[in-house]
Amino acid sequence: KLINREVQSSGMAQPVVNGVSPLEGVPGTKVTIRGENLGLNKEDVVGLAVCGMDCLHTLEYFSSKKLVCLSGSAVGKGKIIVTTFSGGEGTSTVDFRGLEPPRVELLDPMEESDVWTEEDFDPYAFLGDGGVAPHTAAAGYKMADPMGISSSEGKRKPQGSNLNQIFPDGGSGNLFADNFNPGWYLLEKHQSVTFPVLKQGLQRLDTELERSKDAPVEFIMSNLETFIQCYDSLSDVNKVLIQNESQYEGGAITDKVEELIKESSKQAHGLFQGVLKCKSRADATRNALTVLHRYRFLFSLPMNIEKNIKKEDYDIVANDYERAKSLFSGTQVKAFKRVLGEVEKQIKNLRYQLKKKLLVLPSTLEEQKKLIKYLLELEYEDDPAWECITNMHKWLTKLLLSSKEEFQSAPHHHQPASSGEQTPLPLHLESEYPQGHKRTTSNVSSASRGYTMSYSPATNTKTHKQWDGKDISRPRRILFIEEITGLISESLPDFCSLGHAYFSSSLFQGVLTSPEVREKIEINCRNNKPKFDGMLAEIVEMYSDMINCSLFSETYDALYRNRKERLGDWIPFSDDLLETSGVWLPQVIRQIRKCVNELPELPDKATEVLRHLVSDTRTLCAITIFKRVSKGFSYVAGLSLELLLSFSSSLSLPPLLPSL
């Protein structure tokens, strides 16, 4: 009240408390108080109460807007009151709630505990070399720097030998040592600190010393009632002990208590040894479980790989395998090496299965690309893309030869035709025809062969033939050409696309491979490009040779030796090209041209072979049609006018033909 009257007379501003953090806490909670006019300095603050408990002895003054103190033992809500000599008393606008302190329950010595302290922990390691632990130090306590300066970083601290040279009489930087030397401490802890920082640290040390002088007195004064209660309790205990000693026969009661305590300690020690053994077993089990949990990815990897292989999730298998290799490739742990060995066996078997699946044809291009990607990500030793290309080349060659064998082994295929003419060589082989070999052409009979052709205007194709009123299927020569043309049309584009994707590196986009594997693939691409062009030319040449040998009777004898060996034995087709197969030549030409047009870009050699094939077959078709028309006119010329007029409506002859 006197202070408030003096403040009112002096006109100084009254303290205002408008912020408290935190709003609740147990006794000893660090409370931050914010507001206005909270004192000019620490000496100006003459009173501080939290929930009615005096907390001035724990005050830390920061500024006129911020104070920090420790809460007292009050429980429940209350105000924070700040009293300054210059401004008087101010009450907070918010309440602080004191909480009851947590109960400390004693543990049963026979009860297992989940928390263990580290047995190799040294609570006095902070004392430095040669330090002696003080009897007052708490376990695990770390001494803060008394000057409030953090340890210097980035600078090399002087070795002990250097300090011994500087201080020949000896010394130590340990604050608790008998031979403590301040100079030693500064060189050891704050060698790189500047002088202004040391000066500030010294000022802080002086402030802390002044505060520590008053703190015990203030603490005792604020808790005087508690000390008096403790003194009274100890006095009562002393009176009871003296009374018991006078009544007890055989010595002081404390001797009996001491014996009981020693016996209890001995029994407790024996029990604790059993607890320690249980702890060792529990630690071993816990460590094993920790290892299993930490490395559960590796230990469950074989099972996961087997499951994903059955589901054909090869992407997941490749990712898991790559992750395991990156994490445990250089491990020396036997358990890890055993699991990795099992994983390697699974991956090796998977590589074999994927390669086997890759070489099974026919297969789609997308499926082949996926299998190549999986093999590369699983670190396949060779080049799976090139192996697929070479296998596909062999497969196409085998298909063409198998088709040839199938049609040439048909019954009566080798029987010569009853009449007709021998077809010439293709035009582009005229210059290569063997010298002295004579080509013969038989005369075409002017008599009718007795067959008619049905024509479909809607599809512009011949639908069927008739011989004496009976349907006849297409000649085997035509069926053979249609079959090998279909094989080339269906399989060669995928073969070309796979090769182009291989040499343009688009096949390897998104594939997780090492730089060494990438470099190896690039070298293989450069070396295999001429081989791939030769494969394409070989397939196209075989296809062209089969068609030419089917249509031109003397082509086989005019082939080069290597192409003849590649084609194998050839038996000419027995049907008459002009009379039987010639009807189907336009349709065959259309199929060949469609096949050639749908093929992707080919090497120059293969393109030249196909160009000659189309040109020769078109020429043969034109010659055959011309001969058939000429033969037809010869037949018409021998008919009487009456018979011709009777057929004019069904044959749709021009109106001037009867008059002619």
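Structure first, text after, so check above.
Below is a short write-up of the structure. For clarity, every value in this text was computed on a predicted model and none was experimentally measured.

What counts and what doesn't
- Residues numbered from 1 in each chain as written.
- Predicted model: local features only at pLDDT ≥ 70, side-chain atom pairs only at ≥ 80, totals over all residues.
- Heavy atoms only, no water.
- Helix = DSSP H or I, 4+ residues; strand = E, 2+ residues; numbered from the N terminus.
- Buried < 20%, exposed > 50% of the residue type's maximum accessible area, 1.4 Å probe, protein only.
- Contact = heavy atoms within 4.5 Å.
- Areas by Shrake-Rupley, 256 points an atom, 1.4 Å probe, with all protein chains shown as cover.
- Pairing = 2+ DSSP bridges.
- Core = buried A, V, L, I, M, F, W, Y, C linked by side-chain atoms within 4.5 Å.
- Expected span 1.5 Å × (residues − 1).
- Phe/Tyr/Trp six-rings, centres within 6.5 Å; stacked < 30°, edge-to-face > 60°.
- Lys NZ or Arg CZ within 6 Å of the ring centre and 35° of its normal.
- Salt bridge = Lys/Arg side-chain N within 4 Å of Asp/Glu carboxyl O.

1. Quick word on the overall build of the protein chain
What the protein chain contains, in helices and strands, is 19 helices and 14 strands. Taking all 660 residues of the protein chain together, the buried fraction comes to 32%. Of the contacts formed within the protein chain by residues at least 6 apart in sequence, a portion of 67% connects residues at least 24 apart. By element, 55% of the accessible surface of the protein chain is carried by carbon and sulfur atoms, the whole surface being about 41900 Å².

2. Overview of the sheet that holds strand E5 (residues 53-54)
Pairing in this open sheet of 4 strands is antiparallel, and the strands run E5-E4-E9-E10 from one edge to the other. Whereas interior strands pair on both sides, the edge strands pair on one side only; in this sheet they are E5 and strand E10 (88-91). Pairing of strand E9 (residues 80-84) with E10, which is carried by 4 bridges, proceeds in the antiparallel orientation. Bridge pairing in E10 links Val 82 to Gly 90.

3. Considering the nonpolar core
Grouped together as the largest cluster of nonpolar side chains are 88 residues, with contacts concentrated most on Leu 492, Phe 495, Tyr 502 and Ile 592. If sequence neighbours within four positions are ignored, Ile 592 has contacts with Ile 481, Thr 485, Tyr 543, Ile 547, Leu 613, Val 614 and Thr 617. Counting 17 residues, the second-largest nonpolar core is a separate cluster that includes Val 31, Leu 59, Cys 69 and Phe 96.

4. Focus: helix H17 (residues 585-598)
Relative to the 20 Å expected for 14 residues at 1.5 Å per residue, H17 spans 20 Å between its end C-alpha atoms, a close match to the ideal helical length. Within H17, the full set of buried residues consists of Leu 585, Pro 586, Gln 587, Val 588, Ile 589, Ile 592, Cys 595 and Val 596.

5. Examining the packing of aromatic side chains
Inspection of the entire model under this criterion finds 16 aromatic pairs. Against the face of Phe 503 rests Lys 529, its NZ or CZ located 5.6 Å from the ring centre.

6. Concerning unusual backbone geometry
Residue Pro 22 is bonded to the preceding Ser 21 through a cis peptide linkage, with omega at -5 degrees. Mapped onto the secondary structure, Pro 22 falls in the loop between strand E1 (16-21) and strand E2 (24-25). Each neighbour pair has its own omega, and for Leu 361 with Pro 362 the value is 5 degrees, a cis peptide bond. When you line up the elements, Pro 362 lands in the loop between helix H10 (334-358) and helix H11 (365-377). Residues other than glycine seldom take positive phi values, yet Glu 312 does so here, at roughly 60 degrees. Its place among the elements puts Glu 312 in the loop between helix H8 (301-310) and helix H9 (314-328). The residue Ser 505 is not glycine, and still its phi comes out positive at about 70 degrees.

7. Focus: the pattern of salt bridges
Where charged atoms from two side chains of opposite charge come close, those side chains can pair. Tallied over the full model, the rule gives 20 salt bridges. Here Lys 355 ties to Glu 387 by a salt bridge, and the two come within 3.6 Å at their closest N and O atoms. Taken as a pair, Lys 355 in helix H10 and Glu 387 in helix H12 (residues 384-408) lie far apart in primary sequence, 32 residues in all. A salt bridge links Arg 563 to Asp 545; the nearest nitrogen and oxygen atoms lie 2.6 Å apart. Of this pair, Arg 563 sits in helix H16 (residues 561-567) while Asp 545 sits in helix H14 (residues 515-551), and the two are 18 residues apart along the sequence. For Arg 563, a relative accessible area of 18% translates into the label buried.

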